[in-house]
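# Structural features, examined
Listed below are the residues making up each chain.
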Amino acid sequence: MNDTPAFDRRMLEALVCPRSHATLRYDAERQELVSESAGLAYPIRAGIPVMLVDEARVLD
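The structure contained in this document is the topic of the report that follows. (Residues numbered from 1 in each chain as written. Predicted model: local features only at pLDDT ≥ 70, side-chain atom pairs only at ≥ 80, totals over all residues. Heavy atoms only, no water.)

Within the secondary structure, Y26 is located in strand β1 (residues 25-27). Here Q31 takes part through its side chain, which lies 2.9 Å from a polar atom of the side chain of Y26. (Helix = DSSP H or I, 4+ residues; strand = E, 2+ residues; numbered from the N terminus. Polar contact = N/O pair within 3.5 Å; in protein donor to acceptor, adjacent residues only side chain to side chain.)

We note that H21 has phi near 65 degrees; this positive angle belongs to a residue other than glycine. Here H21 shows up in the loop between α1 (9-12) and β1. On the basis of relative accessible area, H21 is assigned to the exposed category, the value being 59%. Located in the positive-phi region is A46, a residue other than glycine, with phi close to 55 degrees. Of note, A46 is situated in the loop between β3 (40-45) and β4 (48-49). The class for A46 is exposed, based on a relative accessible area of 52%. (Buried < 20%, exposed > 50% of the residue type's maximum accessible area, 1.4 Å probe, protein only.)

Its place among the elements puts E32 in strand β2 (residues 32-35). Within polar-contact distance, the side chain of E32 engages the side chain of R57 at 2.8 Å. Discounting residues that sit within four places of it in the chain, E32 has contacts with R25, Y26, D27, A41, Y42, P43, I44 and R57. (Contact = heavy atoms within 4.5 Å.)

Okay, the pairing of β2 next. Burial along β2 is two-sided: E32 and V34 and L33 and S35, pointing in opposite directions, are all buried. Taken together, the three bridges between β1 and β2 define a ladder with antiparallel strand orientation. Bridge pairing links Y26 to L33 in β2. Connecting the antiparallel pair β1 and β2 is a turn made up of four residues, with Q31 showing a positive phi of about 55 degrees. Pairing between β2 and β3: four bridges, direction antiparallel. (Pairing = 2+ DSSP bridges.)

As structure tokens, then:
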């Protein structure tokens, strides 16, 4: 069983991509916040979004 706290989806409304300033899509399966416009996915670790461009995964 996953011991990671669930991400609070209400927080998503307040967060935007630090690079593009666009809204983010929550990917529950990968535990990421996805910025389609920037082509980046920001990880969520222990229920906390890591909103650093250097930590983001580049989308394929």
